[in-house]
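# Summary of the model geometry
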Amino acid sequence: RLNAPDIGLTMSHWIILAQLWHEDGLSQQEISKRSGVAKPNVTTMVDALEKESFIVRIPDQIDRRINRIFLTQKAKTIRCKAIEQALSVYQTAFE
């Protein structure tokens, strides 16, 4: 877990949110391809993030079988703090 209890992100949350901070509105399949995480695992992660109100699923306007994943204001608000925490973890790991 990132060392930020007020943020409450796990590393798996980070993987999904990082993709969406880079490009919001990706499909779960696109997130899977870009992150290298298996589709069933992405579904589980997205479920958890949705439950915590970090993301929302919105059906694609052209192909309603596809859900687009969008960040909520809550996820947008914690971006800078989450990145700072991730960099801190990275620096600690490689010191």
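Overview of the structure. (Residues numbered from 1 in each chain as written. Predicted model: local features only at pLDDT ≥ 70, side-chain atom pairs only at ≥ 80, totals over all residues. Heavy atoms only, no water.)

## Some remarks on the environment of T77
Along the chain, T77 falls in helix 4 (residues 73–93). Its relative accessible area of 55% is what places T77 among the exposed residues. Along the sequence, T77 and F54 sit 23 residues apart, while their C-alpha atoms lie 9.8 Å from each other. (Helix = DSSP H or I, 4+ residues; strand = E, 2+ residues; numbered from the N terminus. Buried < 20%, exposed > 50% of the residue type's maximum accessible area, 1.4 Å probe, protein only.)

## Considerations on helix 1 (residues 11–22)
End to end, helix 1 covers 17 Å across 12 residues, agreeing with the expected 16 Å (1.5 Å per residue, within 8%). Of all the residues in helix 1, the buried ones are H13, W14, I16, L17, Q19, L20 and W21. Buried residues in helix 1 make contact with strand 1 (26–27), helix 2 (28–35), helix 3 (39–51), strand 2 (55–59), strand 3 (67–71) and helix 4. (Expected span 1.5 Å × (residues − 1). Contact = heavy atoms within 4.5 Å.)

## Some remarks on the pattern of salt bridges
In the structure shown here, the tally under the stated rule is six salt bridges. Of the charged contacts in the structure, one is a salt bridge between E23 and R34, with a shortest N-O distance of 2.8 Å. Of this pair, E23 sits in the loop between helix 1 and strand 1 while R34 sits in helix 2, placing them 11 residues apart in sequence. Residue class for E23 comes out partly exposed when judged on its relative accessible area of 36%. A relative accessible area of 42% places R34 in the partly exposed class. With a shortest N-O distance of 2.8 Å, R65 and D63 are connected by a salt bridge. Here R65 falls in the exposed class, since its relative accessible area comes to 75%. (Salt bridge = Lys/Arg side-chain N within 4 Å of Asp/Glu carboxyl O.)

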